[in-house]
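Here are the chains, one letter per residue:
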Amino acid sequence: MNLTGHLLIGAQDVATSDGTMRALNPASNQLIGPEFALGGTLQVDQAATLADAAFDSYSHTSLAERAAFLDSIADNLDSVSTALAARAALETGLPQAQLEGEVGKSATQFRQFADVVRKGRFLQLAIDPAQPDRQPRPRMDHRLQKIAIGPVAIFGASNFPIFYSVAGGDTASALAAGAPVILKAHNAHPGASEIQARAIRNAVQKHGLHEGVFSMVRGSGNAIGEALVDHPLIKAVTFTGSEQGGMALYRRAQLRREPIPVFTEMASVNPTFILPDALAERGALIGDGFIERMLVNVGQACLRPALIIAVKGAGLEALRSAMIKRVGDAAARTMLTPAIQAAYVKGLVAQENVGASLVAVGGPGQADFDGRSALLEVDAQRFLSEPALAREVFGPSALLVTVDDETQLLEVARVLKGQLSAAMHLEHSDLELARRLLPILERRTGRIVVNAFAHPQEVTFATVHGGPFPATSDSRFSSVGMTSIERFLRPVAYQGFPDELLPEALRQDNPLRLTRSIDGDTPQHVL
Ligand code: NAP
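Since we're looking at a predicted model, the values are computed, not measured.

**Comments concerning the overall build of the protein**
The helix and strand inventory of the protein stands at 14 helices and 22 strands. Scaling as 2.2 N^0.38, a compact globule of 527 residues should have a C-alpha radius of gyration of about 24 Å, and the protein matches this with 25 Å. Overall, the C-alpha framework of the protein stretches about 70 × 65 × 40 Å when taken along its three principal axes. Counting only contacts in the protein whose residues sit at least 6 apart along the sequence, the fraction spanning at least 24 positions is 75%. Surface accessibility of the protein: about 21100 Å² in total, with carbon and sulfur atoms responsible for 52%. Positive and negative side-chain charges in the protein, numbering 48 and 55 respectively, have mean positions lying 2 Å apart.

**Regarding the UniProt feature "domain: Aldehyde dehydrogenase" (unreviewed entry) in the protein**
Per the UniProt annotation, the sites labelled "domain: Aldehyde dehydrogenase" (unreviewed entry) are residues 17-460. Secondary structure across residues 17-460 comprises 44% helix and 18% strand; the distance between its end C-alpha atoms is 43 Å.

**Section: the site of the ligand**
Near the ligand lie 21 residues; those nearest to it are Ser 158, Lys 184, His 186, Ser 242 and Met 266. At 2.5 Å, a side-chain N or O of Ser 158 approaches an oxygen atom of the ligand. Between the ligand and Glu 392 there is a distance of 3.1 Å, counted from a nitrogen atom to a side-chain nitrogen or oxygen. Look at the ligand: alone it shows 870 Å² of surface, and the protein chains cover 83% of it. Tallying contributions element by element places helix α8 (residues 243-254) first for the shell around the ligand, with three residues.

**Digging into the sheet that holds strand β13 (residues 307-311)**
On the basis of which strands lie adjacent, the open sheet formed by seven strands has the order β15-β17-β18-β13-β12-β19-β20 and mixed pairing. Each of the sheet's edge strands pairs with one partner strand only, and the pair in question is β15 (357-361) and β20 (448-450). Looking at each pair of strands side by side, their axes are set apart by 20 degrees on average, direction ignored. In terms of strand pairing, strand β12 (residues 272-274) meets strand β19 (residues 422-425) through three bridges, oriented parallel. Considered in β19, the bridge of Ile 274 is made with His 425.

**What to know about the packing of helix α4 (residues 96-119) against helix α5 (residues 169-177)**
Between α4 and α5, whose axes approach to 10 Å, the crossing angle comes to 20 degrees. By the angle between their directions, the pair α4 and α5 is classed as roughly parallel. The handedness of the crossing between α4 and α5 is right-handed. When α4 is examined against α5, the residues Gln 109, Phe 110, Phe 113 and Val 117 are found in contact with a partner set consisting of Gly 169, Thr 171, Ala 172, Ser 173, Leu 175 and Ala 176. The residue inventory of the contact of α4 with α5, partitioned by class, reads six nonpolar, four polar and no charged.

**What about the sheet that holds strand β5 (residues 126-128)?**
Pairing in this open sheet of four strands is mixed, and the strands run β21-β6-β5-β22 from one edge to the other. Unpaired on one side and paired on the other, β21 (489-495) and β22 (517-518) mark the two borders of the sheet. As paired elements, β5 and β22 share two bridges and run parallel to each other. Opposite Ala 126, over in β22, you have Ser 517 as the bridge partner.

**Notes on the packing of aromatic side chains**
Enumeration according to the criterion identifies eight aromatic pairs in this entry. Residues Phe 263 and Phe 477 carry aromatic rings whose centres are separated by 5.4 Å and whose planes lie at 75 degrees to one another, so their mutual orientation is edge-to-face. With Phe 263 in strand β11 (residues 262-265) and Phe 477 in the loop between β20 and β21, this residue pair connects regions lying 214 residues apart in the sequence. Ring geometry for Tyr 494 and Phe 497: centres 5.3 Å apart, planes at 85 degrees, overall edge-to-face.

**What to know about the pattern of salt bridges**
A side chain of one charge can pair with a side chain of the opposite charge if their charged atoms are brought near each other. On inspection of all chains with the given rule, the structure shows 25 salt bridges. The residue Asp 13 makes a salt bridge to Arg 201 at a minimum N-O spacing of 2.6 Å. Here Arg 201 lies in helix α6 (residues 190-206) and Asp 13 lies in strand β2 (residues 12-14), a separation of 188 residues in the sequence. Residue class for Asp 13 comes out partly exposed when judged on its relative accessible area of 34%. Overall, the relative accessible area of 7% leaves Arg 201 in the buried class. The partner of Glu 91 in a salt bridge is Arg 87, and the shortest N-O contact between them spans 2.7 Å. Highlighted residues: Glu 91 and Arg 87, both in helix α3 (residues 81-92), separated by four residues, approximately one helical turn. As far as burial versus exposure is concerned, Glu 91 and Arg 87 are alike and both buried.

**A closer look at the domain arrangement of the protein**
When its domains are assigned, the protein resolves into domain 1 (7-29 + 36-266 + 477-487) and domain 2 (271-450). Taking the mean C-alpha position of each, domain 1 and domain 2 sit 33 Å from one another. Contact with domain 1, which involves 17 residues of that partner, is made by 18 residues of domain 2. Carbon and sulfur atoms make up 59% of the surface buried where domain 1 meets domain 2, a total of about 1300 Å² over both sides. Linking domain 1 to domain 2 there are zero salt bridges. Scanning the region where domain 1 abuts domain 2 turns up four residue pairs in polar contact (both at pLDDT 80 or more). Residues that form the side of domain 1 that touches domain 2 fall into these classes: nine nonpolar, six polar and two charged.

Reading the values: rules and limits
Residues numbered from 1 in each chain as written. Predicted model: local features only at pLDDT ≥ 70, side-chain atom pairs only at ≥ 80, totals over all residues. Heavy atoms only, no water. Helix = DSSP H or I, 4+ residues; strand = E, 2+ residues; numbered from the N terminus. Rg over C-alpha atoms; globule rule 2.2 N^0.38 Å. Contact = heavy atoms within 4.5 Å. Areas by Shrake-Rupley, 256 points an atom, 1.4 Å probe, with all protein chains shown as cover. Lys, Arg positive; Asp, Glu negative; His and termini not counted. Charge placed at Lys NZ, Arg CZ, Asp CG, Glu CD. UniProt positions renumbered as here; feature names shortened; annotations may be inferred. Near = heavy atom within 4 Å. Polar contact = N/O pair within 3.5 Å; in protein donor to acceptor, adjacent residues only side chain to side chain. Pairing = 2+ DSSP bridges. Axes fitted to C-alpha atoms, helices over the stretch in contact; angles between N-to-C directions. Parallel < 35°, antiparallel > 145°, perpendicular 65-115°, else oblique. Left-handed = near helix turned anticlockwise from the far one by under 90°. Nonpolar A, V, L, I, M, F, W, Y, C, P; charged D, E, K, R; others polar. Phe/Tyr/Trp six-rings, centres within 6.5 Å; stacked < 30°, edge-to-face > 60°. Salt bridge = Lys/Arg side-chain N within 4 Å of Asp/Glu carboxyl O. Buried < 20%, exposed > 50% of the residue type's maximum accessible area, 1.4 Å probe, protein only. Domains from an automatic or database assignment. Buried area = accessible area lost by both parts, 1.4 Å probe.

So, in structure tokens, the structure goes:
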């Protein structure tokens, strides 16, 4: 595939005077072409101005038109799947076959959102009819629908170069909501970003949409991200990455003259509790499965289980031995970027410095940015007294916390901060303890899994990819799944409107045949 290295600002391919960068192949530590343009505040302003100009027409596209546009993006992604996965593999060190799966999953996600748009339930239509005879005073007719919040800035993530990047769920859900998107590409995979951005832009052009519906910018350092968050025409931001970066952008957005929502997805160790009878019954199986999931994506996955808590007693030795064996057998693999690899090594040292013991390491690294897998262990007393042990170390490592008894297991759960997910492995005879653990976990996470692991990610209506801080900056929303569209919507009420002035979805004869609640009731049949 021919890459030009341009920024895509609306319909324009833009070369800038702000310098260029090349991609790094982290497996070989070699730079690879072409030269990719770097932009700054000027390009952000151009993209935001276009996005604002696109808003009225795009947010008012019919549901059928918008759904067809999302389907076209999916088709375009499918048609570049091999080239996209090959380029992403070069830029990330991840296996091409895995990345082809990621393209397929991303295309499917666009089709799922097309379906959401066609059904129109996300509009949350509500009609409270007029009550002219109500005493002591009549009630006006009230009708509600949700509309898009405005242009959205999306920070592509480094760790899933498609599914959480340019053509990821943030873009799919924002476009589904009717919001134009300005994508800040992650510099770890500029070529893969360009291929995805062109797939989206081609669909914009095919459907005759305003060019400002989608732009992709790139820059060096923090200036471009700051310019995006500061721009007065941007009305919401999404981010996946470090707690430090996410919170810097979140705080910045709150200091704007007009504060805007920033949906950050940050750190999570996804604690996994092995209840005593499950441990005794199948410790080895659980230990092996835990490490298998921990190693996915070289440990660079938001749902990676990284903290495992087990009660001393029957099954613990089998669990520990299985984990040690699986970690010891794992070959070192290329990590995404030099900075992520360096942070991983530093994180492991930091855990040892605060009292964790290294009990297993995987095969040694062969190349500069290989990540060697590791298992550390600590007892509950130490864990409870050292908050640093509960911090995310982003990479292929896990920490085993051994607890003396059930009371201590609950104490460990209570000191945990917000998480994207938590898991309980249990037998029927563990239910009483599970019932005591459950409310503690509910307060700390958006997803609780029983006898399995949260990874791999499913995209469904009931998916919750969110949780209290520091997992995210806003636990009320999910960043994956069909409800993630809600981040980009706001309600508008239409009061006392003549029928012909109402949005089509709210007109009396329901011309779009959409589901609408009437006085709070949603009939099963379409009104
Ligand atoms: P990052 O450093 O937080 O960067 C993510 C994106 O935000 C990049 O485009 C970055 O731009 C931009 N950015 C970060 N801080 C910014 C700031 N203060 N102002 C403006 N823009 C800012 O994340 P990363 O590069 O993906 O990886 C670094 C670390 O993040 C990892 O070691 C890991 O700990 C964590 N991480 C966690 C997850 C997870 O799912 N839990 C996923 C990815 C990363 P530049 O690249 O130009 O700086």
